[in-house]
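Understanding the architecture of this molecule
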Amino acid sequence: MAPLYQRYSLYSDNDTYIFVPEAAEARNLTIHRSSGDIVLSQPKTPIPPSTRRSGQQVYGILGTISLTLSEYILVITGRELQSRLMGHDIYRATNFEILPLNPNVSIENPPHVVESNFLALVRSHFQHGNFLFSYTWDLTTRLQAQSQRAPGGEKPALWQLADDRFFWNRFLQTRLIESATSSSETTSWAPYILPILYGTFDLRPIFLHGRQMQLCLISRRSRYRAGTRYFRRGVDNEGNVANFNETEQILLIEGPSGLSNGFNPESNYSSKFSFVQIRGSVPLFWSELNTLRYKPDLQIMELDNTQEALIGHLQKQTSTYGPVTLVNLINQKGHEKPVKDAYERQMAQLELPDVKYEYFDFHNECRNMRWDRISLLVDRIQDDLDNYGYFTQTSSDPSPSRLQKGVVRTNCMDNLDRTNVVQATIAKWTLNKQLIEAGVLSPGAGVDDFETLSKDFREMWADHADAISAAYAGSGALKSDFTRTNKRTHKGLLEDGVKSVTRYLKNTFFDGTKQDAFDLITGAWIPRKNPTASMFLVADTRPVIIRSIPAAASFSLFMICAGLTLPRSSDYSLVYYFLLWFFILAATLTFMVIHGVQYVAWPRLNPLTSVIYYDGPGFRSARNGLGLKATAHLDVHKKQWQGAGKHRRGLTVEEVELGTLKKSD
């Protein structure tokens with residue numbers, strides 16, 4: 001594998017951007033701003049005297065993105081060393097820069113409001129995500145898959161080795177990859193193409209019973225059907241599910257004779273262990289619709305291709321990981337029950353020998369904070385865990401001595417809180433087995449018998465849970481106090497309440513733009529080369545009465561507060577004053593709840609038209625927030641979104657949200 005360039009100097013003028021690697025005999029990368037052509041110069045080509053050197057170092061090229069007025073180059077200008085794994089540095093990107101090809105476009109003051117909106121989406125996405133990369137190691141691919149690559153011969157470039165699901169900037173790298181594949185000098189382009197991972201990385205050194213070890217936890221977020229909690233649920237027509245994450249726990253152990261004052265990161269290790277789990281949304285066509293109420297409307301859409309999409313998803317998992325055990329943690333009562341029932345109806349019709357289904361009523365089994373009862377689930381699937389095993393490689397044999405033959409796929413409604421607790425429990429059970437096999441622990445001993453090891457394990461999984469939850473739901477994970485302390489506490493319940501309120505506010509009023517950023521960066525929506533055609537992204541075309549009601553509610557609340565400071569001649573002197581403003585406040589709030597759909601911050605690039613207004617077979621818990629018959633004319637979203645969806649992509653109504661990652665022209 002050709003090493004990637006780790007640092008560049010950037011030179012630019014009105015005609016070109018030139019990236020000069022800090023490496024001997026390296027070829028400069030030149031991007032012509034007028035034509036957009038990308039070329040490699042010959043070694044030792046002099047820098048044109050008209051160019052000026054940027055004061056910032058560039059640590060990687062994320063790729064290019066085309067917006068309405070210009071194409072832009074995205075580069076990493078800040079990085080932070082996370083740790084060193086098996087001799088490879090792992091970095092987190094901390095700062096980014098956007099470089100316009102069009103010299104007439106200013107990043108600070110874009111000439112059009114639509115372009116400004118798109119640039120804000122790009123900035124927000126990279127500023128608030130957790131993006132990881134390595135110049136020398138494939139961070140997107142689990143250890144077992146790396147070990148199965150054919151040895152010898154010409155090794156592919158890092159971008160060619162990357163797992164396509166977790167190659168987060170694959171769409172952004174399209175131009176560079178096309179230049180590389182169309183060139184007779186493909187290897188010369190490879191050092192410029194840097195894959196990044198959207199996920200988490202944590203590594204802890206451990207010393208136990210005279211053995212030096214490293215425990216590492218990596219999560220990888222899929223770029224397919226990427227998005228936020230209420231705006232990306234279920235499966236699409238290609239079998240991709242929302243919030244799909246692969247989690248790999250790696251244990252590295254030095255041999256008894258390899259002891260030193262500190263852990264040797266360059267060691268070959270006496271033993272390497274890897275254990276992989278996956279999570280993802282229930283693979284049906286379903287959604288939860290924000291209506292301003294705390295509990296969203298649940299909708300399940302029974303489409304003709306539901307079984308086909310489910311099979312497609314599961315076959316992808318079995319072809320990648322082997323047999324799959326599906327652990328479903330959704331409640332069997334209340335709001336979640338229809339999803340469980342629909343899932344089990346589809347599973348009953350399934351005939352895939354490598355897929356097993358296991359239901360565990362998490363909240364019922366663990367009620368009254370009896371979280372130790374999660375062990376009941378582990379007991380149920382223990383035979384599968386034993387059969388699947390985990391990846392093992394020893395220093396005495398370059399070939400793996402054991403392969404992980406299957407995987408556990410866990411889901412709850414959000415695939416966050418309950419899923420985190422269960423995955424951590426399964427990971428601890430597996431870690432116990434690995435430490436016993438390596439001779440570090442004696443049979444019968446466990447991770448929880450050693451406070452330092454147990455604390456590190458719990459913190460890693462709790463931090464991992466918080467990061468995945470923040471990316472999808474906008475807050476840290478619920479129930480993380482159990483993951484951190486092995487106990488469910490009343491303080492943890494209070495913290496969960498605060499996190500739940502935070503989720504509600506972000507999911508209702510802020511996630512629309514966040515979802516738009518996901519769609520823009522992953523290529524699920526491509527802008528036209530005409531900002532006027534995208535004015536619907538920034539214009540508020542709702543009727544005046546819809547837009548004015550929140551202002552009226554705010555003003556009435558202000559008047560109520562102001563009335564508290566007014567002098568009174570008697571206890572009843574301001575009764576009519578308060579009655580008037582309380583009535584106006586109640587009336588405006590009622591109106592907003594009845595028309596809740598109008599006040600949610602929906603995504604605009606790929607609107608959820610077919611979900612919100614779906615009236616086909618299936619289930620819907622309620623039809624809140626859609627207004628009354630007398631005010632149906634105020635619902636401009638329905639006409640605008642349905643028209644925009646069909647016009648921009650030419651799809652059927654069902655395909656607008658439920659289907660493929662289609663791109664507009």
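Refer to the structure printed above.
Owing to the predicted nature of the structure, the values given are computational and were not obtained by experimental measurement.

Moving on: the sheet that holds strand β14 (residues 286-289). Spatially, β14-β15-β20 is the arrangement adopted by the 3 strands of the open sheet, whose pairing is antiparallel. Only two strands of the sheet have a single partner each, and these edge strands are β14 and β20 (618-620). Neighbour to neighbour, the strand axes of the sheet diverge by 15° on average, direction disregarded. Alignment of strand β15 (residues 297-301) against β20, held across 3 bridges, turns out to be antiparallel. Counted as the bridge partner of Gln299 is Arg620 from β20. Docked against the sheet, helix α7 (residues 337-348) engages β14, β15 and β20, running at close to 15° with respect to β15.

One pass over the full model with this rule turns up 37 salt bridges. The partner of Glu365 in a salt bridge is Arg373, and the shortest N-O contact between them spans 2.8 Å. A relative accessible area of 27% means that Arg373 is categorised as partly exposed. Residue Arg503 pairs with Asp417 through a salt bridge whose shortest N-O separation is 3.0 Å. Pair noted here: Arg503 is in helix α14 (residues 490-509) and Asp417 is in helix α11 (residues 417-437), with a separation of 86 residues, a long-range link. Judged by its relative accessible area of 2%, Arg503 is buried. Taking the relative accessible area as the measure of exposure, Asp417 reaches 7% and is therefore buried.

Attention now goes to the pairing of strand β19 (residues 407-411). Counting buried positions along β19 yields 5 of 5 residues, so the element is predominantly enclosed. Every second residue of β19 is oriented toward a common face, with Val407, Arg409 and Asn411 on one face and Val408 and Thr410 on the other, all of them buried. Judged from the 2 bridges that link them, strand β13 (residues 271-279) and β19 form a sheet pairing that is parallel. Looking at β19, one finds that Arg279 is bridged to Thr410. Both strand β16 (residues 324-328) and β19 contribute to a ladder of 5 bridges, which runs parallel. Each residue of the ladder has a partner; that of Asn328, found in β19, is Asn411.

An order of β4-β3-β2-β1-β5 is seen for the 5 strands of this open sheet, with the pairing classed as antiparallel. Two strands bound the open sheet, and with one partner strand each, they are β4 (38-40) and β5 (52-53). Alignment of strand β2 (residues 16-21) against strand β3 (residues 29-32), held across 4 bridges, turns out to be antiparallel. Considered in β3, the bridge of Thr16 is made with His32.

At His209, a residue that is not glycine, the phi angle is positive and equals roughly 50°. Relative to the helices and strands, His209 resides in the loop between β10 (197-208) and β11 (211-221). In this structure, Arg225 is a non-glycine residue whose phi angle is positive, near 50°. Here Arg225 lies in the loop between β11 and β12 (245-253).

Strand direction decides the pairing type here: β16 and strand β17 (residues 355-359), joined by 5 bridges, are parallel. Within the sheet, the bridge partner assigned to Leu326 lies in β17 and is Tyr357. The β-α-β motif built from β16, the intervening α7 and the parallel element β17 has right-handed crossover chirality.

A few words on the environment of Phe273. Following the sequence through the fold, Phe273 ends up in strand β13. Along the backbone, Phe273 and Ile253 are 20 residues apart, and their C-alpha atoms lie at a distance of 8.6 Å. For Phe273, the contacting residues outside a window of four places in its chain are Gln249, Ile250, Leu251, Ile253, Tyr390, Phe391, Thr392, Gln434, Glu437 and Ala438.

Under the 1.5 Å per step criterion, the end-to-end length of helix α1 (residues 113-128) is 22 Å for 16 residues, consistent within 8% with the ideal 22 Å. Residues of α1 that are buried: Val114, Glu115, Phe118, Leu119, Leu121, Val122, His125 and Phe126. Angular distribution of buried residues about the axis of α1 spans 150°; they occupy a single face of the element. Opposite the buried face of α1, by more than 90 degrees, sit the exposed residues Gln127 and His128.

Our focus in this paragraph is the packing of α1 against helix α15 (residues 511-522). In the contact formed by α1 and α15, the axes pass within 9 Å of each other and the chain directions differ by 90°. Of the possible angle classes, the one that applies to α1 and α15 is roughly perpendicular. Counting all contacts with α1, which are made through Phe118, Leu121, Val122, His125 and Phe126, the residues of α15 involved are Thr513, Asp516, Ala517, Phe518, Leu520 and Ile521. Partitioned by chemical class, the residues of the contact of α1 with α15 number 8 nonpolar, 2 polar and 1 charged.

Criteria and thresholds
- Residues numbered from 1 in each chain as written.
- Predicted model: local features only at pLDDT ≥ 70, side-chain atom pairs only at ≥ 80, totals over all residues.
- Heavy atoms only, no water.
- Pairing = 2+ DSSP bridges.
- Helix = DSSP H or I, 4+ residues; strand = E, 2+ residues; numbered from the N terminus.
- Axes fitted to C-alpha atoms, helices over the stretch in contact; angles between N-to-C directions.
- Contact = heavy atoms within 4.5 Å.
- Salt bridge = Lys/Arg side-chain N within 4 Å of Asp/Glu carboxyl O.
- Buried < 20%, exposed > 50% of the residue type's maximum accessible area, 1.4 Å probe, protein only.
- Right-handed = clockwise from strand over helix to strand, strands pointing away.
- Expected span 1.5 Å × (residues − 1).
- Arc of directions from axis to C-beta.
- Parallel < 35°, antiparallel > 145°, perpendicular 65-115°, else oblique.
- Nonpolar A, V, L, I, M, F, W, Y, C, P; charged D, E, K, R; others polar.

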